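A structural walkthrough
As a plain string of letters, each chain reads:
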Amino acid sequence: MEQRSGCLCCGKEVLYLDQPESLPCMYCKGVFLTQARCVDSHFICDACHALPAFDLIERFTVASTSTSPLEMAVALMRSSSVKMHGPEHHFLVPAVLLSAAYNVRGEPAEKGKRIALARQRAEHVLGGFCGFYGSCGAAVGTGIFMSVMTGATPLSREEWRLSNLMTSQSLRTIAEAGGPRCCKRNSFLAIREALRFTKDRFGLDLGALSDPVKCEFFSLNKECRKVECPFYPQ
Ligand SMILES: [Zn+2]
Ligand SMILES: [Zn+2]
């Protein structure tokens, strides 16, 4: 059983207040009266707290104004709805990428229908796809991202090329890092490949590859390769 304590956003202590305060929920951005918040004033509304992972990922990425897919990914991974490993990462990856891409492009109104489409497709990428089908779902998630962003279909030419190229680049990097599966490591690797790809092909800046990513979830992963993982905090 996974154990997490403290604020789901920052891990700091949660305070229970004498008087309610009006605060925005970190996931849906709705403003609510609350008597529980962390020392840094992070707060999650009861409705978001109770959402299953796919619903939380959709609600958060549609509402978010962030331009950093890695920051959004970590914020979602801190929720107890998102398990250490699981097929929700196959949707998490394209959702944070689409959200950041349309926020950077100044077209946030485009997000709702595109993230819903990515969800429909990601729901078909089953758990264990990495080991059973030889195609890590986080890598497939970057292909879904590119397909939804470019409007690719099986009949497209350039959009088809970009979508398959995106998956292949993420998949190669994930494969070369080796098993066993870690949905955090592979999501970080896939998102970083997508940062590089969108910068090179579209000039879209979704964050720098030099931005450090430190995993805070390794203690939940009994197969963690520790110092052999590029994201293990030294
Ligand atoms: Zn906090
Ligand atoms: Zn909320």
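Residues numbered from 1 in each chain as written. Chains lettered and ligands numbered in written order. Predicted model: local features only at pLDDT ≥ 70, side-chain atom pairs only at ≥ 80, totals over all residues. Heavy atoms only, no water.

Judged by how many residues are buried, helix H3 (residues 69-77) sits mostly within the fold: eight of nine residues are covered. Along H3, the positions that sit buried rather than exposed are Pro69, Leu70, Met72, Ala73, Val74, Ala75, Leu76 and Met77. Those residues of H3 that are buried are in contact with helix H2 (53-63), helix H4 (88-104) and helix H9 (183-202). (Buried < 20%, exposed > 50% of the residue type's maximum accessible area, 1.4 Å probe, protein only. Helix = DSSP H or I, 4+ residues; strand = E, 2+ residues; numbered from the N terminus. Contact = heavy atoms within 4.5 Å.)

Before going further, it helps to spend a moment on the packing of aromatic side chains. For any pair of aromatic rings, the description rests on two quantities: the centre-to-centre distance and the angle between the ring planes. Under the counting rule described, the total for this entry stands at six aromatic pairs. Geometrically, the ring pair formed by Phe54 and Phe91 is stacked, given 5.6 Å between the ring centres and 5° between the ring planes. Of this pair, Phe54 sits in helix H2 while Phe91 sits in helix H4, and the two are 37 residues apart along the sequence. Here Phe54 falls in the buried class, since its relative accessible area comes to 18%. Of the residues examined, Phe91 reaches a relative accessible area of 0% and is grouped as buried. Seen in terms of ring centroids, Phe188 and Phe231 are 5.3 Å apart; in terms of plane orientation they differ by 70°. Their pairing is edge-to-face. On the criterion of sequence distance, the pair formed by Phe188 in helix H9 and Phe231 in the segment after H9 is long-range, its members being 43 residues apart. For Phe231, a relative accessible area of 4% translates into the label buried. When the ring centre of Phe217 is taken as origin, the NZ or CZ atom of Lys184, which lies over that ring, is 5.4 Å away. (Phe/Tyr/Trp six-rings, centres within 6.5 Å; stacked < 30°, edge-to-face > 60°. Lys NZ or Arg CZ within 6 Å of the ring centre and 35° of its normal.)

Attention now moves to unusual backbone geometry. Omega for the peptide link from Gly179 to Pro180 comes to -5°, which places this bond in the cis form. Its location among the elements puts Pro180 in the loop between helix H8 (158-177) and H9.

Take a nonpolar patch on the surface next. The grouping of Leu126, Phe132 and Tyr133 at the surface amounts to a nonpolar patch, some 400 Å² of accessible area in total. Its place among the elements puts Phe132 in helix H6 (residues 129-133). On the basis of relative accessibility, which here comes to 72%, the residue Phe132 falls in the exposed class. (Patch = residues over 30% accessible without salt bridge, like charges linked within 9 Å, V, L, I, M, F, W, Y side chains within 5 Å. Areas by Shrake-Rupley, 256 points an atom, 1.4 Å probe, with all protein chains shown as cover. Salt bridge = Lys/Arg side-chain N within 4 Å of Asp/Glu carboxyl O.)

The next point concerns the coordination of the zinc ion (ligand 2). Under ideal tetrahedral coordination, the four donors around a metal are separated by 109.5 degrees; under ideal octahedral coordination, the six donors are separated by 90 or 180 degrees. Within the first shell, the zinc ion (ligand 2) binds the protein through Cys25 (SG), Cys28 (SG), Cys45 (SG) and Cys48 (SG), at distances of 2.3 to 2.4 Å. For the zinc ion (ligand 2), the four donor atoms in the first shell make angles of 102 to 117° at the metal, a pattern classed as tetrahedral. Read from N- to C-terminus, the donor residues coordinating the zinc ion (ligand 2) fall into the pattern C-x2-C-x16-C-x2-C. Taking the relative accessible area as the measure of exposure, Cys45 reaches 3% and is therefore buried. What makes Cys48 buried here is its relative accessible area of 2%. (Donors = N, O, S within 2.8 Å, 3.2 Å for Na, K, Ca; no water. Tetrahedral: all angles 85-135°; square planar, octahedral: opposite > 155°, others 65-115°.)

Moving on, we come to the pairing of strand E1 (residues 14-24). Relative to strand E2 (residues 31-38), E1 runs antiparallel, the two being bridged by seven bridges. For Val14, the partnering residue across the bridge sits in E2 and is Cys38. (Pairing = 2+ DSSP bridges.)

All quantities given are derived from atomic positions and should not be read as evidence of function.
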